[in-house]
Every structure is written in C-alpha cells, then in structure tokens.
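Remarks on the overall topology
The lines below spell out each chain.
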Amino acid sequence: MPSPDPVADLVGRLERAVVASGRRRREVAREIEGDLREAVAARVEAGAPEPLAASAVVAEFGDPRAIAVELSTELLADRGRRFAPRAALAAATLLVVWFVGMTALAAVPGFRVPVEDGWMLQVSRALDAAGPIVAAAAAAGWLAIRRSGSLAALVAVAGLQLAFAVALVAGAVAMAATIAVPAAGAGILAALLVTTLVLGSALAVAAAALLVRWGAVRLAPRRARS
C-alpha cells in the first residue's frame, strides 16, 4: 500500500540511515525535505495531482541507501576538516608541554631516572621524534581532506593521533607511578601529568570517535531499508 506521504517516508528513511550526530541528521533531513516539498509544489502548480507529484519527485530522487552513504561520507569529511587542524595543534601543544616539563624536572636537584626504568627515557626519545611527525601528518592530512575530502587521509590522521595520545598518557601515568620525584619537582610533575591526561585523553577520545564514525560509514547505512 503506497505511503500517504511519500516525501515524509523518504526523508524519515534518510534521517535514520545517515551516519552523523542526531542534530546533523535532523538538519540534513530538513534541508532535503524543503527541497522535495518545493519540487512537489512546482509540479502541483503545473497541474499534477499532489499524490502523483509527490510520488514522481520521490522516484526521481534516487536510491535512499546510496544517497545516505554519500551524505554520510560528506559529513564525515567535513568533520575531518575540523578535526585535523585541532589535532595538529593538540599534538604540538603536548610536545611543548613535555619538553618544558621534562627540562624543568631534569633541572631539579636530586631528580634522576633509575637504571631499571631506563626504558622510559627510550620511550620519551621515541615520542620526541614521533611528535613532530604526527603534528606534520595532521597538517598534511588536513590539506588532503580539505582539497579532496580524502577519507584515507582522515583515517591516517586519526589513527596517528590516537596512538600518539595513548602513548603519552600511558607514559605520563607510568612515570608518575614509578619514578620518585623530589619535593621541589612534585608540582612540575603534577602539572605535566594533569595537562597530559586532560589534553591527551581529549585527543584520544576525539580520534577514536572519528574512527568509529568512519567504520560506521564504511559498513554503509542499512537502516534505510526499513
């Protein structure tokens, strides 16, 4: 039995199928519904009965599943354009914080890394080398996403940022739990730890959410079938 309002039915299927936040899905649905209603009104003014006009507009619109995938991809690329420069800034900020913090700690009398915990220095040096690469990759990825909407660049940026943030947070927690710091350096370590936990965790969560969204888009929205 045909739907009494094929436009509303189509818009509802699209809204359910598009992979995005609830607010963005509603915004996209309202925009599409407005365009469809205008097309129906134009046909009615030309003399077509409204039910037939609505059915014809919906038929010409295309497969809602394919259109939902296109919309989801566009919205994801748009989110990537916002994420990449912020991620580059966050990575650079974490690098500066660690450089300043570790330099200050090294200057505290009595502070040293025990021989048995020498692995921390190796990890720290590796992060020092990887940090600029991660920040530069985020900047390059932002350009690629901005120019072509490349989801491959988006995934690369998010993956690197996630790994970098997790490594920094884990390193900060391990250092705070393992290394004895003189009283004069306790405040420096606390500031370093808090800044890393807050900024690193936020970066990791944002990167992970982006990767989850990408996975959902890759699976293709199947809810439009219902």
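Worth saying up front: this structure is predicted, and the values here are computed from it rather than measured.

Topic: the overall build of the protein chain
- Helices and strands together make up the secondary structure of the protein chain, namely 7 helices and 0 strands.
- Along the protein chain, from the amino end to the carboxyl end, the secondary structure elements read α-α-α-α-α-α-α.
- Rg of the C-alpha trace for the protein chain: 26 Å, well past the compact-globule value of 17 Å for 226 residues, more than 25% over.
- Dimensions of the protein chain, computed from the C-alpha atoms along their principal axes, are close to 90 × 30 × 25 Å.
- When the 226 residues of the protein chain are sorted by exposure, 35% land in the buried category.
- Of the contacts made within the protein chain by residues no fewer than 6 positions apart, 82% connect residues no fewer than 24 positions apart.
- As presented, the protein chain carries roughly 12,200 Å² of accessible surface, and 64% of it is formed by carbon and sulfur atoms.
- Each charge class in the protein chain can be summarised by its mean position, and for the 23 positive and 18 negative side chains these summaries are 7 Å apart.

Topic: the packing of helix 6 (residues 151-178) against helix 7 (residues 183-219)
- Following both chains from N to C, one finds helix 6 and helix 7 inclined at 150°, their axes separated by 8 Å at the closest point. When the interaxial angle is binned, helix 6 and helix 7 end up roughly antiparallel. The two elements helix 6 and helix 7 meet at a crossing, and its hand is left-handed.
- Partitioning the contact of helix 6 with helix 7 into residue classes produces 24 nonpolar, 5 polar and no charged.

Considerations on helix 3 (residues 50-61)
- The end-to-end C-alpha distance of helix 3 is 16 Å, a good match for the 16 Å that 12 residues give at a rise of 1.5 Å each.
- The set of residues buried in helix 3 consists of Ala53, Ala54, Val57 and Val58. The buried side chains of helix 3 occupy one side of the element, clustering within an arc of 130° when seen end-on. The exposed residues of helix 3 that point more than 90 degrees off its buried face are Pro51, Leu52, Ala59 and Glu60.
- Packing partners of the buried residues in helix 3 comprise helix 1 (6-17) and helix 2 (22-45).
- Of the residues trailing helix 3, Gly62 is marked for its positive phi of about 110°.

A word on helix 4 (residues 64-106)
- Given a rise of 1.5 Å per residue, 43 residues ought to cover 63 Å, and the 60 Å separating the end C-alpha atoms of helix 4 matches this to within 8%.
- One side-chain oxygen of the residue at the start of helix 4 lies 3.1 Å from the amide nitrogen of Arg65, identifying that residue as Asp63.

Details of a nonpolar patch on the surface
- Together, Val173, Val194, Leu197 and Val198 make up an exposed nonpolar region whose accessible area comes to about 310 Å².
- Considering each element in turn, the nonpolar patch owes the most residues, 3 residues, to helix 7.
- Structurally, Leu197 can be placed in helix 7.
- Of the residues examined, Leu197 reaches a relative accessible area of 31% and is grouped as partly exposed.

Details of the nonpolar core
- Ranked by internal contacts, the top residues of the largest apolar core, which has 37 residues, are Phe83, Phe164, Met175 and Leu203.
- Of all the elements, helix 4 adds the most residues to this core, at 11 residues.
- If near-sequence neighbours (up to four positions away) are discounted, Leu203 is found in contact with Phe83, Ala87, Ala90, Leu94, Gln161 and Ala165.
- With 20 residues, the next largest nonpolar core counts Ala17, Ala20, Val57 and Val58 among its residues.

Focus on the packing of helix 1 against helix 4
- Contact geometry for helix 1 and helix 4: axes closest at 9 Å, N-to-C directions at 45°. Relative to helix 4, the element helix 1 lies oblique. Regarding helix 1 and helix 4, the two cross each other, and that crossing is right-handed. Here Leu10, Arg13, Leu14 and Ala17 of helix 1 come into contact with helix 4, specifically with Pro64, Ile67, Ala68 and Ser72.
- Taken together, the residues of the contact of helix 1 with helix 4 break down into 6 nonpolar, 1 polar and 1 charged.

Quick word on the pattern of salt bridges
- In the structure shown here, the tally under the stated rule is 7 salt bridges.
- Residue Arg24 pairs with Glu27 through a salt bridge whose shortest N-O separation is 2.5 Å. A residue pair is termed a helical-turn pair when its members lie 3 or 4 positions apart in one helix, as Arg24 and Glu27 do in helix 2 at 3 residues.
- On the accessibility criterion, Arg24 (24% relative accessible area) is partly exposed.
- The partly exposed category is assigned to Glu27, whose relative accessible area is 21%.
- It is possible to trace a salt-bridge network through shared partners that takes in Asp5, Glu33 and Arg37.

Cut-offs used in this document
- Residues numbered from 1 in each chain as written.
- Predicted model: local features only at pLDDT ≥ 70, side-chain atom pairs only at ≥ 80, totals over all residues.
- Heavy atoms only, no water.
- Helix = DSSP H or I, 4+ residues; strand = E, 2+ residues; numbered from the N terminus.
- Rg over C-alpha atoms; globule rule 2.2 N^0.38 Å.
- Buried < 20%, exposed > 50% of the residue type's maximum accessible area, 1.4 Å probe, protein only.
- Contact = heavy atoms within 4.5 Å.
- Areas by Shrake-Rupley, 256 points an atom, 1.4 Å probe, with all protein chains shown as cover.
- Lys, Arg positive; Asp, Glu negative; His and termini not counted.
- Charge placed at Lys NZ, Arg CZ, Asp CG, Glu CD.
- Axes fitted to C-alpha atoms, helices over the stretch in contact; angles between N-to-C directions.
- Parallel < 35°, antiparallel > 145°, perpendicular 65-115°, else oblique.
- Left-handed = near helix turned anticlockwise from the far one by under 90°.
- Nonpolar A, V, L, I, M, F, W, Y, C, P; charged D, E, K, R; others polar.
- Expected span 1.5 Å × (residues − 1).
- Arc of directions from axis to C-beta.
- Polar contact = N/O pair within 3.5 Å; in protein donor to acceptor, adjacent residues only side chain to side chain.
- Patch = residues over 30% accessible without salt bridge, like charges linked within 9 Å, V, L, I, M, F, W, Y side chains within 5 Å.
- Salt bridge = Lys/Arg side-chain N within 4 Å of Asp/Glu carboxyl O.
- Core = buried A, V, L, I, M, F, W, Y, C linked by side-chain atoms within 4.5 Å.

Keep in mind these values describe shape, not function.
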